[in-house]
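Results of the structural survey
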Amino acid sequence: VQLQAFGGGLVQAGDTLRLSCATSGSVLGIGIMGWYRQAPGKERELVAIIGSGGTPNYRDSVKGRFTISRDNAKNSVYLQMNSLKPEDTAVYFCYAVVSTVDFTMRPYWGQGTLVTVSS
């Protein structure tokens, strides 16, 4: 199983970015999907998660600005980021709990995509 994230880049404060993450491999089912981020010198933190039924949860600092969504048919998760701030600068990692051929649910991580927001 592989998660491939893309969509990061260099933007100015107030701009918009959309991150995408596709899951490939021997996938039987996907539970929770989400996005984490890690800023330089800081620990990785949860940004948003979404359950298999579509219920989202966000960290307080991104509520009202970020929207997480998923396409179960494409085994993909997305993060729409509006009104970006310099403090959103980080490497963003996608995450998914995946059931594979042995019917065991395991967590998988994408490789990360860099988001840089200039002031």
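Provided above is the structure to which this section pertains.
To start, this report covers the structure provided alongside it. This is a predicted model, so every value here is computed, not measured. (Residues numbered from 1 in each chain as written. Predicted model: local features only at pLDDT ≥ 70, side-chain atom pairs only at ≥ 80, totals over all residues. Heavy atoms only, no water.)

1. Details of the pairing of strand β4 (residues 29-38)
This is how it is decided: At least two DSSP bridges between two strands are required for those strands to pair. Per the convention used, a helix needs a DSSP run of H or I reaching at least four residues, while a strand needs a run of E reaching at least two, with both numbered from the N terminus.
Note that β4 and strand β9 (residues 90-99) share eight bridges and pair antiparallel. Bridge pairing in β9 places Tyr-36 opposite Phe-93. Taken together, β4 and the strand that follows it, strand β5 (residues 45-50), pair antiparallel across an intervening segment of six residues, in which Gly-41 is found at a positive phi of about 75 degrees.

2. Considering the sheet that holds strand β1 (residues 2-6)
We count it as follows: For every element, the axis is a line fit to its C-alpha atoms; helices are fit only across the contacting stretch, and the angle between N-to-C directions ranges from 0 to 180 degrees.
Taken in spatial order, the four strands line up as β1-β3-β8-β7 in an open sheet, and their pairing is antiparallel. If you trace the sheet from one side to the other, it starts and ends with β1 and β7 (66-71), each paired once. Taking each pair of neighbouring strands and ignoring which way they run, the sheet shows an average axis angle of 15 degrees. In this sheet, strand β3 (residues 17-24) lies alongside β1 in antiparallel orientation, the contact comprising five bridges. Looking at the pairing, Leu-3 lines up with Thr-23 of β3.

3. Side note on the packing of aromatic side chains
Note the following rule: Centre distance within 6.5 Å is the pairing criterion for rings of Phe, Tyr and Trp, where only the six-membered ring of Trp is used; planes under 30 degrees apart are then read as stacked, over 60 as edge-to-face, and the remainder as tilted. Only protein chains enter the accessibility calculation, which uses a 1.4 Å probe. A residue is then buried if its area is under 20% of the maximum for its type, exposed if over 50%, and partly exposed in between. Placement of a charge over a ring requires the Lys NZ or Arg CZ to be within 6 Å of the ring centre, with the centre-to-atom vector within 35 degrees of the ring normal.
On inspection of all chains with the given rule, the structure shows three aromatic pairs. Measuring from ring centre to ring centre gives 4.9 Å for Tyr-36 and Trp-109, while their planes differ by 65 degrees; the resulting arrangement is edge-to-face. Here Trp-109 lies in strand β10 (residues 105-109) and Tyr-36 lies in strand β4, a separation of 73 residues in the sequence. On the basis of relative accessible area, Trp-109 is assigned to the partly exposed category, the value being 36%. An aromatic cluster is present here, built from Tyr-36, Tyr-95 and Trp-109 joined pairwise through their rings. A cation over an aromatic ring shows up here: Arg-44 above the ring of Phe-93, its NZ or CZ 3.8 Å from the ring centre.

4. With respect to unusual backbone geometry
Glycine aside, residues mostly have negative phi, and peptide bonds are mostly found in the trans state. A positive phi angle is found at Ser-83, which is not glycine, with a value near 50 degrees. Looking at the secondary structure, you find Ser-83 in the loop between β8 (76-81) and β9. Here Ser-83 falls in the partly exposed class, since its relative accessible area comes to 41%. You will see that Phe-103, though not glycine, has its phi angle at about 65 degrees, which is positive. One can find Phe-103 in the loop between β9 and β10. The exposure class assigned to Phe-103 is exposed, which follows from its relative accessible area of 66%.

5. So, the pairing of β7
Covered by surrounding structure in β7 are Phe-66, Ile-68 and Arg-70 only, the residues Thr-67, Ser-69 and Asp-71 on the alternate face being uncovered. Sheet topology places β7 next to β8; six bridges connect them, and they run antiparallel. Its bridge partner lying in β8, Phe-66 is registered against Met-81. Linking two consecutive strands that pair antiparallel, namely β7 and β8, is a turn of four residues; a positive phi of about 50 degrees is found at Asn-75 within it.

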